[in-house]
Amino acid sequence: MTPLRSGAVAPAVPGVAFGEGPVGLFFFKVTCPTCQLAAPTMRAFERAFPGRVIAVGQDRSSDLEDFRRTYGMEIRAVEDAPPYVVSDAYGIVSVPTLFLIGEDGIVLRSVGSWDRTGFNLVAETMGELVGSAAPVISTPDDGLPAFKPG
């Protein structure tokens, strides 16, 4: 299995509307240390692009809410518990994985693991698409590594 690539049609995600502007999808699992590291950075996405970034958690809803509170992740989370139908449709092989979906429902970018450059590029592209300034998601002096595998 390989993650969807740029140009692929994004599979449906329950409760997420494509076609109303770009959407970021942040796939994660509550027990994943790399997801725990990356989760707080999603605040910058939510503040810059309210309602445009959705977390897809591979856990029960109650666990997702606890994770959001613990790690300060302000974005809405939808459940993708076993058998991981949505994650499988996106070809998720590791978490976290971040996708940017265009208004037309086409995958524009994807970033696997925690990758500072990749997350910043997704934010930059989202800013261009919505016509607003993009936040810097992570900088070399914020204490986060440049890359950490998921």
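Our subject is the structure that appears above.
Heads up: these notes are all about the structure in this document. Treat the numbers as computed from the prediction; the structure is a model and nothing was measured.

1. Focus on the overall build of the protein
A tally of regular secondary structure across the protein gives five helices and seven strands. Shown N-terminal to C-terminal, the secondary structure of the protein runs as helices and strands in the order β-α-α-β-α-β-α-β-β-β-α-β. Here the C-alpha atoms of the protein give a radius of gyration of 14 Å, agreeing with the 15 Å that 2.2 N^0.38 yields for 150 residues. By its C-alpha atoms, the protein is 35 × 35 × 25 Å across when sized along the principal axes.

2. Considerations on helix α3 (residues 61-71)
Considered for burial, the residues of α3 that qualify are Leu-64, Phe-67 and Arg-68. Seen from one end, α3 has its buried residues packed into an arc of 100°, which puts them on one side. The exposed set on the far side of α3, more than 90 degrees from its buried face, consists of Arg-69 and Thr-70. Each element contacted by the buried residues of α3 is listed here: β1 (23-28), α1 (33-38), β2 (53-57) and β3 (76-79).

3. Details of the environment of Ala-44
Within the secondary structure, Ala-44 sits in helix α2 (residues 42-48). Here Ala-44 falls in the partly exposed class, since its relative accessible area comes to 23%. Once you skip the residues sitting within four places of it in the chain, Ala-44 turns out to touch Pro-135 and Ile-137.

4. A look at the packing of aromatic side chains
All chains considered together, the criterion is met by eight aromatic pairs. Seen in terms of ring centroids, Phe-67 and Tyr-71 are 4.8 Å apart; in terms of plane orientation they differ by 40°. Their pairing is tilted. Of this pair, Phe-67 and Tyr-71 both sit in helix α3, four residues apart, which is roughly one turn of the helix. Feature note: the residues Phe-26, Phe-28, Phe-67, Tyr-71, Trp-114 and Phe-119 constitute an aromatic cluster, connected by ring pairs.

5. Re the pairing of β2
In terms of residue burial, β2 counts as a mostly covered element, since five of its five residues are buried. Alternating residues of β2 divide into Val-53, Ala-55 and Gly-57 and Ile-54 and Val-56, and every residue in both groups is buried. As defined by bridge partners, β2 adjoins β3 across four bridges and the pair is classed as parallel. When the sheet's bridge partners are listed, Ala-55 is paired in β3 with Ala-77.

6. With respect to the nonpolar core
Counting residues in each nonpolar core, the largest one holds 44 residues, and the members touching the most others are Leu-25, Phe-26, Phe-45 and Tyr-90. In terms of residue count, β1 provides more of this core than any other element does, five residues in total.

7. Considering unusual backbone geometry
Backbone torsion omega between Pro-82 and Pro-83 reads 15°, so that peptide bond is classified as cis. With respect to the secondary-structure elements, Pro-83 resides in the loop between β3 and α4 (85-89). In this structure, the amide linkage connecting Val-95 to the following residue, Pro-96, adopts the cis form with an omega of 0°. If you trace the backbone, Pro-96 turns up in the loop between α4 and β4 (97-101). The phi dihedral of Tyr-84 is positive, around 60°, even though this residue is not glycine. As for its position among the elements, Tyr-84 is in the loop between β3 and α4. Exposure remark for Tyr-84: the relative accessible area of 24% places this residue in the partly exposed category. Although it is not a glycine, Ser-113 sits at a positive phi angle of roughly 70°. By the secondary structure assignment, Ser-113 is in the loop between β5 (107-112) and β6 (114-115). Since its relative accessible area comes to 8%, Ser-113 is described here as buried.

Rules used in this analysis
Residues numbered from 1 in each chain as written. Predicted model: local features only at pLDDT ≥ 70, side-chain atom pairs only at ≥ 80, totals over all residues. Heavy atoms only, no water. Helix = DSSP H or I, 4+ residues; strand = E, 2+ residues; numbered from the N terminus. Rg over C-alpha atoms; globule rule 2.2 N^0.38 Å. Buried < 20%, exposed > 50% of the residue type's maximum accessible area, 1.4 Å probe, protein only. Arc of directions from axis to C-beta. Contact = heavy atoms within 4.5 Å. Phe/Tyr/Trp six-rings, centres within 6.5 Å; stacked < 30°, edge-to-face > 60°. Pairing = 2+ DSSP bridges. Core = buried A, V, L, I, M, F, W, Y, C linked by side-chain atoms within 4.5 Å.

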